[in-house]
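Take a look at the letters that make up each chain.
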Amino acid sequence: MTKTVVALPGEGIGIEVVDATCDLLVGAGLPLKILTPPQTDGATPTVAGFVPDETKRTAREADGVLFGAAGPATTNVVSWLRWGMQAWAGMRPIRFRPGMRSPLADPEGIDYVIVRENSEGIYPGREGELADLARVMPDLRDRSGRTVKEYGDGRFAVKIVTPAGVERVARFACRLARARKAKGKPGKVTCVTKSNVLRRTDGLFHEITERVVREAGDLTFEHFHVDDASRRLVRFPKSMDVVLCMNQYGDILSDLGAETVGGLGLAPSGNFGDGWAYFESVHGSAPDIAGRGIANPTATILSAAMMLEHMGLGAEAARLDAAVGRTYREGKTLTPDQGGAATTRQMAQAVLAAYRNA
Ligand code: ATP
């Protein structure tokens, strides 16, 4: 039965990598109808447009949604996909495949998943003037005893952590760790916070995650503060399995993790809410290389593979994933970020050829 996919490229290199990926999916003969509804109304290159209601409806009704990369004109598209539709769990696999240009001496075997809490924490921004905060909370003090007023002029941002928000993403991480354990992985959830400094907010995230993972019974729990965790992702990446991060820490550590296996062009993601999911590369619109046809399509192709799995096309997803692995192993048709001379389209077509020959 034909399934419907909505492709929203965003802008910059998002357009190039989504085009190349959609052509690959069509070329592979997958049972998909790919729709490309208008992304925005009233956008200019520097002013964000609004997502049309009809586009929202089409995306909500689709079996799969693939996004490219956001920039200034399309920031509302990703805001709607993630925050409007409450995709509260971001799943970002970090996996090395031989042939990828890792800066590490021994990357073979790196294979873990960052789960990013997508809906709370310090994002999306809630900011204001310090004077307003001082007025409503005159007794609020930092740990040195200083009141807000004592800082004088300035601004603040609010970090939000709720037990319900932590519990659902901790359960998501447990389900993922259990599914990976069934395939031979260690069955471990590593929680990342700064609970030694932010004892109430990050402390709550740490405490609830630890309880949920320990109650699961069949999984190992560990916790690292974010500074220590960033060091470990470089030094001991193979010791990681499922790494559950608060929103901003997950944003930062997933770029770091992507770089350890070869770069931002390789990192896919799936974003999940209640009865909702969409898939996108971790990278942004990369204005420095946009329009030149040299962006690496791997992150978007692997995001599409995650989307296929979510749509119930598991065998096709595994075959596409394996085709990416083979393209890197052969190393003949890679984009410049991986040391090759191929264009975005040539690399995607090489993955298609590997898919067909599987
Ligand atoms: P955002 O904040 O929107 O995530 P960013 O500041 O992290 O964006 P990106 O656009 O993600 O920046 O990319 C950072 C750099 O990484 C780019 O300037 C580009 O050089 C490189 N890069 C990102 N994606 C790719 C890709 N698919 N192929 C090759 N290089 C890439």
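The rules behind these values
Residues numbered from 1 in each chain as written. Predicted model: local features only at pLDDT ≥ 70, side-chain atom pairs only at ≥ 80, totals over all residues. Heavy atoms only, no water. Phe/Tyr/Trp six-rings, centres within 6.5 Å; stacked < 30°, edge-to-face > 60°. Helix = DSSP H or I, 4+ residues; strand = E, 2+ residues; numbered from the N terminus. Buried < 20%, exposed > 50% of the residue type's maximum accessible area, 1.4 Å probe, protein only. Axes fitted to C-alpha atoms, helices over the stretch in contact; angles between N-to-C directions. Parallel < 35°, antiparallel > 145°, perpendicular 65-115°, else oblique. Left-handed = near helix turned anticlockwise from the far one by under 90°. Contact = heavy atoms within 4.5 Å. Nonpolar A, V, L, I, M, F, W, Y, C, P; charged D, E, K, R; others polar. Pairing = 2+ DSSP bridges. Patch = residues over 30% accessible without salt bridge, like charges linked within 9 Å, V, L, I, M, F, W, Y side chains within 5 Å. Areas by Shrake-Rupley, 256 points an atom, 1.4 Å probe, with all protein chains shown as cover. Salt bridge = Lys/Arg side-chain N within 4 Å of Asp/Glu carboxyl O. Polar contact = N/O pair within 3.5 Å; in protein donor to acceptor, adjacent residues only side chain to side chain.

Asks: Outline the packing of aromatic side chains, supporting the account with residue identities and numerical values.
Replies: All chains considered together, the criterion is met by four aromatic pairs. Look at Trp 80 and Trp 276: their rings are 5.7 Å apart centre to centre, the planes differ by 65°, and that puts the pair in the edge-to-face class. Of this pair, Trp 80 sits in helix α3 (residues 75–84) while Trp 276 sits in strand β12 (residues 276–281), and the two are 196 residues apart along the sequence. For Trp 276, a relative accessible area of 8% puts it in the buried group. A ring pair is formed by Phe 172 and Phe 272, whose centres lie 5.6 Å apart and whose planes are at 40°; its orientation type is tilted. In this pair, Phe 172 is assigned in helix α5 (residues 163–181) and Phe 272 in strand β11 (residues 268–273), connecting sequence segments 100 residues apart.

Asks: How would you explain the packing of helix α1 (residues 13–27) against helix α9 (residues 298–310) if you had to name every residue and give the values?
Replies: Here α1 crosses α9 at 50°, and the two axes come no closer than 9 Å. Comparing their axes, α9 and α1 come out oblique. Along this stretch, α1 crosses α9, giving a crossing that reads as right-handed. Where α1 abuts α9, its residues Val 17, Val 18, Thr 21, Leu 24 and Leu 25 lie against Thr 300, Ile 301, Ala 304, Met 307 and Leu 308. Class assignment for the residues of the contact of α1 with α9 results in eight nonpolar, two polar and no charged.

Asks: Break down the packing of α9 against helix α10 (residues 314–330) for me, citing the residues and quoting the values.
Replies: Axis separation between α9 and α10 bottoms out at 7 Å; the angle between their running directions is 160°. Here α9 lies roughly antiparallel to α10, going by the angle between them. Here the hand of the crossing between α9 and α10 comes out left-handed. Each of Thr 298, Ile 301, Leu 302, Ala 305, Leu 308 and Glu 309 in α9 lies in contact with α10, whose residues at this interface are Gly 314, Glu 316, Ala 317, Leu 320, Asp 321, Val 324 and Tyr 328. Of the residues that constitute the contact of α9 with α10, the class distribution is eight nonpolar, two polar and three charged.

Asks: Before we move on, can you summarise the sheet that holds strand β1 (residues 3–10) with the specific residues and values?
Replies: If you trace the 10 strands from one edge of the open sheet to the other, you get β2-β1-β3-β12-β11-β4-β5-β10-β8-β9, paired in mixed fashion. The strands lining the two open edges of the sheet, one partner per strand, are β2 (32–35) and β9 (220–225). If you compare each strand with its neighbour and ignore which way they point, the axes differ by 25° on average. Both strand β3 (residues 64–69) and β12 contribute to a ladder of two bridges, which runs parallel.

Asks: Mind laying out a nonpolar patch on the surface, listing which residues take part and the relevant values?
Replies: Side chains of Val 136, Met 137 and Leu 140 sit close together on the surface and give an oily, nonpolar patch of about 270 Å² of accessible area. Given the relative accessible area of 39%, Met 137 is considered partly exposed.

Asks: Talk me through the pattern of salt bridges; I want residue IDs and the actual numbers.
Replies: Applying the stated criterion across every chain yields a total of 24 salt bridges. A salt bridge links Asp 321 to Arg 97; the nearest nitrogen and oxygen atoms lie 3.1 Å apart. Highlighted residues: Asp 321 in helix α10 and Arg 97 in the loop between β4 (89–95) and β5 (111–117), separated in sequence by 224 residues. Residue Arg 211 is joined to Glu 215 by a salt bridge in which the shortest nitrogen-to-oxygen separation is 3.6 Å. Remark: Glu 215 and Arg 211 occur in helix α6 (residues 201–216); sequence separation between them is four residues, near one turn of the helix.

Asks: Run through the side chain of His 223, naming residues and quoting values.
Replies: Assignment of secondary structure puts His 223 in strand β9. Given the relative accessible area of 17%, His 223 is considered buried. Within polar-contact distance, the side chain of His 223 engages the side chain of Thr 193 at 2.7 Å. Here His 206 takes part through its side chain, which lies 3.4 Å from a polar atom of the side chain of His 223.

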